[in-house]
Amino acid sequence: ARRYRRERTLALRSSSSALYNNLAVLGPPARPPRAFGAVHGTTLSLLGTEGPPRQLPARGGGSALSTPLLTQVRGRGGPARALLARGGGTRPWHPPGTGGILVVTHLSLPAHSVFARGIAAAGERFVCVGTSSGAVLVFDIPPKGTNVTLSEVLEQHRDPITDIAAEQGQAPDGAGDLVTADDSGTLCLWRAGEEFTLLRKIPGSGCTCSSVTLWNGIVAAGYGNGQIRLWEAGTGQLRAQVSAHARWIYALDLAPLSGKLLSGAEDSFVHVWQLSRNPDTDDVEIRHCHAECVTDTQVCGARFCDPAGDTFAVTGYDLGEILCY
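Since the model is a prediction, treat every value here as computed from it, not as a measurement.

Caption draft 1: Quick peek at the environment of A18. Tracing the backbone shows A18 in the loop between β1 (8-11) and β2 (24-26). C-alpha separation for the pair A18 and C300, spaced 282 residues apart in sequence, amounts to 5.9 Å. Other than its neighbours up to four places away in sequence, A18 contacts Y250, Q298, C300 and Y317.

See the structure below:
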């Protein structure tokens, strides 16, 4: 198994808020990152690999009291777009020098929604954003420009959305290509298209699913009790369960080329796991590869920096830097 070591430390101008998946790695796939992003209050801390860090404030109403709190930033490959959910909805935004960051907009959230959280790009056109009411907003993104339209609202969750993930490998037939998770631990598997189709729902057990990924038809979900559970997307069957952390899991990420899974939690630990399928039995297997302790730090963001999972970065609550391994 590969052994990771601390490579460098990048200083932020402010610490990272204690939010799920509070780290984005921005840049084209298969190339070194152009920038890292983390949310702090009403600002996005953007740190390029060269030059000083920048603070990008949220754009809200006319007073400080109406400035929205940011809840998440997420990068995506392809045209190096980043997607940002914020407290009052989402908003188009193109900060310069970051490879064409796009932040999606919808200024009127569904009734009873207080914040937006959970972002994923589905296919070439769609971006899905979760809300505190449990609704998932599906936006149609044009190839160019900022004429973003709301094309559909998915209403299968009763609890606030915590995370959304798109398929990062080759999904088996019938497995779907999008998974949504909520505060009760309920998972919904979808097939994206002109109209999104619900394929199956995996009921929650009352424990929050704080982070979720989808790879080769395997759903990897991290929970508030520190467990990682692996589900078969095609059948909804539980295939493996690991007591991965002693505290609440705050971040999961997956390296699509290798099947490595990265987890970070309140217990100050970051773990790297290897996911695979047994070629003889088709069983889903998980193997521990590496553990890293970020001393006295509540880890709130962890992302691989390359598709093979050879490098990763970590943020923590009240930690004014990004740690690269």
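Caption draft 2: Structural detail: the sheet that holds strand β14 (residues 178-182). Strand order across the open sheet formed by four strands is β13-β14-β15-β16, with antiparallel pairing between neighbours. At either end of the open sheet lies a strand with only one pairing partner, and these are β13 (161-166) and β16 (197-202). Strand-to-strand, the axes of this sheet are offset by a mean angle of 20°, without reference to chain direction. The pairing of β14 with strand β15 (residues 187-191) spans four bridges and is antiparallel. Bridge pairing links A181 to L187 in β15.

Caption draft 3: Main features of the environment of C289. Considering the arrangement of structural elements, one finds C289 in strand β24 (residues 284-293). As for C289 and V272, which are separated by 17 residues in sequence, their C-alpha atoms are 5.4 Å apart.

Caption draft 4: Region of interest: the state of the cysteines. One pass over the structure, following the stated rule, counts zero disulfides. Among the cysteines around C207, which has no disulfide bond, C209 carries the closest sulfur, lying 8.8 Å off.

Caption draft 5: The pattern of salt bridges, seen in detail. In total, this model carries nine salt bridges according to the counting rule given. The residue D283 makes a salt bridge to R239 at a minimum N-O spacing of 3.2 Å. Highlighted residues: D283 in the loop between β23 (269-277) and β24 and R239 in strand β20 (residues 238-243), separated in sequence by 44 residues. By relative accessible area, which is 24% here, R239 ends up partly exposed. For the salt bridge of D310 with K260, the shortest nitrogen-to-oxygen distance reads 3.7 Å. You can see D310 sitting in the loop between β25 (299-304) and β26 (312-316) and its partner K260 sitting in strand β22 (residues 260-265), a full 50 residues away along the chain.

Caption draft 6: Structural context of unusual backbone geometry. Of note in the backbone geometry, N21 takes a positive phi value of approximately 50° without being a glycine. Along the polypeptide, N21 turns up in the loop between β1 and β2. Even without being a glycine, N216 presents a positive backbone phi close to 50°. Judged by relative accessible area, which is 23%, N216 ranks as partly exposed.

Caption draft 7: Layout of the sheet that holds β23. Across the sheet, which stays open at both edges, the four strands sit in the order β21-β22-β23-β24 with antiparallel pairing between neighbours. A strand with exactly one partner marks an edge of an open sheet, and here the two such strands are β21 (249-255) and β24. Across the sheet, the mean angle from the axis of one strand to that of its neighbour is 20°, orientation sign disregarded. Across five bridges, the pairing between β22 and β23 is antiparallel. Counterpart to S263 in the pairing with β23 is H271.

Caption draft 8: Broad picture of the pairing of β13. For β13, the buried fraction is high: six of the six residues fall into the buried class. Summarising the sheet, β13 and β14 pair through five bridges and their orientation is antiparallel. When the sheet's bridge partners are listed, A165 is paired in β14 with V179.

Caption draft 9: Molecular detail of the side chain of T213. With respect to the helices and strands, the residue T213 is situated in strand β17 (residues 209-215). T213 sits in the buried class, given a relative accessible area of 4%.

Caption draft 10: Summary view of the confidence of the model for the protein chain. Of the residues in the protein chain, 78% reach a pLDDT of 70 or more, and the chain-wide mean stands at 82. Confidence scores differ between elements of the protein chain, with strand β7 (residues 81-86) showing the lowest mean pLDDT of 47 and β22 the highest of 97. Segment residues 84-88 is flagged for pLDDT under 50; beyond a separation of four residues in sequence, or across chains, it makes 37 contacts in the model. Segment residues 92-108 is flagged for pLDDT under 50; beyond a separation of four residues in sequence, or across chains, it makes 62 contacts in the model.

Caption draft 11: Examining the side chain of Q227 more closely. Residue placement: Q227 occurs in strand β19 (residues 227-232). Overall, Q227 belongs to the buried group, its relative accessible area being 14%. Of the polar contacts made by the side chain of Q227, one reaches the side chain of R229; its length is 2.9 Å. With sequence-adjacent residues up to four places away left out, Q227 is seen in contact with A221, G222, Q241, V242, S243, A244 and I249.

Reading guide: rules and limits
- Residues numbered from 1 in each chain as written.
- Predicted model: local features only at pLDDT ≥ 70, side-chain atom pairs only at ≥ 80, totals over all residues.
- Heavy atoms only, no water.
- Helix = DSSP H or I, 4+ residues; strand = E, 2+ residues; numbered from the N terminus.
- Contact = heavy atoms within 4.5 Å.
- Pairing = 2+ DSSP bridges.
- Axes fitted to C-alpha atoms, helices over the stretch in contact; angles between N-to-C directions.
- Disulfide = S-S within 2.5 Å.
- Salt bridge = Lys/Arg side-chain N within 4 Å of Asp/Glu carboxyl O.
- Buried < 20%, exposed > 50% of the residue type's maximum accessible area, 1.4 Å probe, protein only.
- pLDDT = per-residue confidence, 0-100.
- Polar contact = N/O pair within 3.5 Å; in protein donor to acceptor, adjacent residues only side chain to side chain.

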